[in-house]
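As a plain string of letters, each chain reads:
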Amino acid sequence: MTALPIPNIELQHGTQIPQLGVGVFLVEPSETESVVSTALEVGYRHIDTAAAYGNEAEVGRAIASSGLAREDVFVTTKLWNADQARAADAFQVSLDKLQLDRVDLYLIHWPQPMFGEALGAWKALVDIAASGRAAAIGVSNFEIDHLQQLIDETGVVPAVNQIELHPLHQRRELAEFCREHGIAIEAWGPLAQGKSDLFERPELLEIARAHGKTPAQIVLRWHVQQERIIFPKTTRRERLFENADLFDFALSDAEMSVIDGYEAGTNFGPDPRTFDAR
Ligand code: NAD
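Reading guide: rules and limits
Residues numbered from 1 in each chain as written. Predicted model: local features only at pLDDT ≥ 70, side-chain atom pairs only at ≥ 80, totals over all residues. Heavy atoms only, no water. Near = heavy atom within 4 Å. Polar contact = N/O pair within 3.5 Å; in protein donor to acceptor, adjacent residues only side chain to side chain. Areas by Shrake-Rupley, 256 points an atom, 1.4 Å probe, with all protein chains shown as cover. 1 Å grid on protein atoms, 1.4 Å probe; cavity = no way out; pocket = protein on both sides within 12 Å on 5 of 7 lines; lining within 4 Å. Sits in = over half its atoms within 2 Å of the grid points. Helix = DSSP H or I, 4+ residues; strand = E, 2+ residues; numbered from the N terminus. Nonpolar A, V, L, I, M, F, W, Y, C, P; charged D, E, K, R; others polar. Buried < 20%, exposed > 50% of the residue type's maximum accessible area, 1.4 Å probe, protein only. Salt bridge = Lys/Arg side-chain N within 4 Å of Asp/Glu carboxyl O. Points joined across faces, edges and corners; volume = space filled by probe spheres on them. Contact = heavy atoms within 4.5 Å. Arc of directions from axis to C-beta. Core = buried A, V, L, I, M, F, W, Y, C linked by side-chain atoms within 4.5 Å.

Caption draft 1: Examining the site of the ligand more closely. Taken together, 26 residues lie around the ligand, and D48, S140, L191, Q193 and N243 are the ones closest in. Note that a nitrogen atom of the ligand is positioned 2.8 Å from one of the side-chain N or O atoms of S140. A distance of 3.2 Å separates an oxygen atom of the ligand from a polar backbone atom of P190. Relative to its free-state accessible area of 820 Å², the ligand is covered by the protein chains to the extent of 89%. The pocket occupied by the ligand, as judged from atoms lying within 2 Å of grid points, is the largest pocket. Ranked by residues supplied to the shell around the ligand, first place goes to helix 9 (residues 237-244) with 3 residues. Residues belonging to the shell around the ligand are distributed by class as follows: 12 nonpolar, 9 polar and 5 charged.

Caption draft 2: Local environment of the environment of T77. Following the sequence through the fold, T77 ends up in strand 5 (residues 74-79). Since its relative accessible area comes to 0%, T77 is described here as buried. Counting along the chain gives 89 residues from T77 to H166, while the straight-line C-alpha distance between them is 22 Å. Within the structure, the side chain of T77 is placed 2.6 Å from the side chain of E56, a separation counted as a polar contact.

Caption draft 3: Focus on the pattern of salt bridges. Tallying each qualifying case throughout the model produces 17 salt bridges. Notably, a salt bridge pairs R61 with E33, separated by 3.0 Å at the nearest N-O pair. Within this pair, whereas R61 is found in helix 2 (residues 56-66), its partner E33 is found in helix 1 (residues 29-42), the two being separated by 28 residues in sequence. Here K213 ties to D248 by a salt bridge, and the two come within 2.9 Å at their closest N and O atoms. Of this pair, K213 sits in the loop between helix 7 (202-211) and helix 8 (215-224) while D248 is found in the loop between helix 9 and helix 10 (253-260), placing the two residues 35 residues apart along the sequence. In this structure, a network of salt bridges that share partners links the residues E143, D145, R171 and R273.

Caption draft 4: Geometry of the layout of surface pockets. Its boundaries defined by the atoms lining it, the largest pocket holds a volume of some 860 Å³. As for the largest pocket, its lining consists of 35 residues, of which F25, G189, P190, Q193 and K233 are closest to the centre. Of all the secondary structure elements, the ones that give two or more residues to the lining of the largest pocket are helix 8 and helix 9. In this structure, the second largest pocket spans a volume of roughly 340 Å³. Ranked by residues supplied to the lining of the second largest pocket, first place goes to helix 6 (residues 172-181) with 4 residues.

Caption draft 5: Expanded view of the side chain of H169. On the secondary structure map, H169 appears in the loop between strand 8 (160-164) and helix 6. Judged by relative accessible area, H169 falls into the buried class, the value being 12%. With residues up to four places along the chain from it excluded, the contact list for H169 reads E164, E263, G265, T266 and N267.

Caption draft 6: Just helix 9, in detail. What helix 9 keeps buried is the set L240, N243 and A244. Considered in projection along helix 9, the buried side chains sweep an arc of 95 degrees and stay on one side of the axis. Residues of helix 9 that are buried in the fold lie against strand 3 (22-23), helix 1 and helix 8.

Caption draft 7: Seen up close, the nonpolar core. Y44 and Y106 are the most contacted members of the largest nonpolar core, which has 74 residues in total. With 7 residues, the single largest contributor to this core is helix 4 (residues 118-130). With sequence-adjacent residues up to four places away left out, Y106 is seen in contact with T77, K78, L79, A87, A90, F91, L125, I128, A134, A136, I137 and G138. Judged by nonpolar contacts, the second largest core, of 12 residues, contains I9, L11, F74 and F231.

Next comes the structure, spelled out in structure tokens:
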């Protein structure tokens, strides 16, 4: 088995999370077990799934058959929007599908401010954490006011906020709020979901050439140097290796600034303030 040299990041209260994992959003259930098994085989130790992805059972099967000790794999799943008022039950369903008695990180998937249920869900997650069945709890797609409400009402600060963040959408104000409050950022869509012209930009190609890396590796390294947690999605074995080959080089300040300069306010996912799918 290959051990990849992936560093840990420490979340509040000491939970260690591998900075790099693999995400399984839009990975077909029929493909998920083999993708996760391959990821674990090549050395990934962090899997990001969600009840809404419909593939928790397959993630669980891959973990069970990996032969790895439970404490060696970091598993995140997420509470779906329709279940915010029944989080405790929904969490148990996720655990059962994953064949686990605890997860490492449990997140509220979207804030859904139009329904006003996220605070109640957060209180349920606080209870789940107290019971020891989630080592850490956090949120996803929360804006500053959504975070502030949870903190004001419960005094419990989310360990992470998992948000769309990539060179074209850098969320600087939100990122600064998270930094000030000790909330780690997990960047979803770290490669802009492969939907942009990013990888063809001449400056990025030049930086990639200079380091003997691919444009995707340069963008992932840009995240890593800002202490973000990432789990780029891929179903291809060679890209699992490519996306993990980030820890033997560093971008200079000038190179970081070039990518910083790509900020365009362009999001590819839904707007968290109005996203009401359940
Ligand atoms: P991503 O930025 O990881 O993009 C994935 C796409 O990038 C792939 O489909 C592939 O086309 C391309 N890609 C991957 N590796 C590449 C490489 N080395 N070179 C070139 N192209 C490459 O986007 P994502 O899948 O949306 O985000 C990653 C993970 O974040 C998801 O799998 C999921 O776990 C999580 N996520 C969370 C939310 C949320 O609301 N919390 C939303 C979306 C995704």
